[in-house]
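What follows is each chain in one-letter form.
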Amino acid sequence: MHDPDMSAKKQFIFTAKQMGSRSWSNCKTFALMGLVFSAAECVIEKARAKHDVTNTAVAGCVTGGAMSARAGPQAACYGCAGFAAFSVLIEKFIDRHS
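In this text, all values refer to a predicted model and were calculated from it rather than measured experimentally. (Residues numbered from 1 in each chain as written. Predicted model: local features only at pLDDT ≥ 70, side-chain atom pairs only at ≥ 80, totals over all residues. Heavy atoms only, no water.)

Colleague: I would appreciate a short explanation of the state of the cysteines in the present structure.
Modeller: Every disulfide links exactly two cysteines, by a covalent bond between their sulfur atoms. Counted according to the given criterion, the structure contains 1 disulfide. The partner cysteine of Cys61 in its disulfide is Cys80, sulfur to sulfur 1.7 Å. Every disulfide takes its handedness from the sign of the S-S torsion; for Cys61 and Cys80 that torsion is -75 degrees, giving left-handed. Separated by 19 residues along the polypeptide, Cys61 in helix α2 (residues 53-67) and Cys80 in helix α3 (residues 73-94) bring together distant segments of the chain. (Disulfide = S-S within 2.5 Å. Helix = DSSP H or I, 4+ residues; strand = E, 2+ residues; numbered from the N terminus.)

Laid out in structure tokens, this is it:
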């Protein structure tokens, strides 16, 4: 909240604290996302015994669905499709499986 009676120093400190807590929250979210994606891709790759872009798409779907599952089934479906598409695009851009 913005308080017009706060000095510039107090506003700066308040803003820095908010930024720090949001940054830490984002850090934990991205770490969890990376963990879920890496674990899913590893398990899928072991199960299929192949190293291809299909593993990336399925791992992206699992990750997107898991990360957005709290918002309901429709959000989980959109998360699955969106993260799978994003993962495949990044995979194609990096071109690991050429």
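Colleague: Mind showing me how you'd approach the packing of α2 against α3 here?
Modeller: When two helices pack together, their arrangement is given by the angle between their axes and by how far apart the axes lie. Running from amino to carboxyl end, α2 crosses α3 at an angle of 145 degrees, the nearest separation of the two axes being 7 Å. The handedness of the crossing between α2 and α3 comes out as right-handed. Residues Val53, Thr56, Ala57, Gly60, Cys61, Thr63, Gly64 and Gly65 of α2 touch α3, and the partners they reach there are Ala76, Gly79, Cys80, Phe83, Ala84, Ser87, Val88, Glu91 and Lys92. Class assignment for the residues of the contact of α2 with α3 results in 8 nonpolar, 7 polar and 2 charged. (Axes fitted to C-alpha atoms, helices over the stretch in contact; angles between N-to-C directions. Left-handed = near helix turned anticlockwise from the far one by under 90°. Contact = heavy atoms within 4.5 Å. Nonpolar A, V, L, I, M, F, W, Y, C, P; charged D, E, K, R; others polar.)

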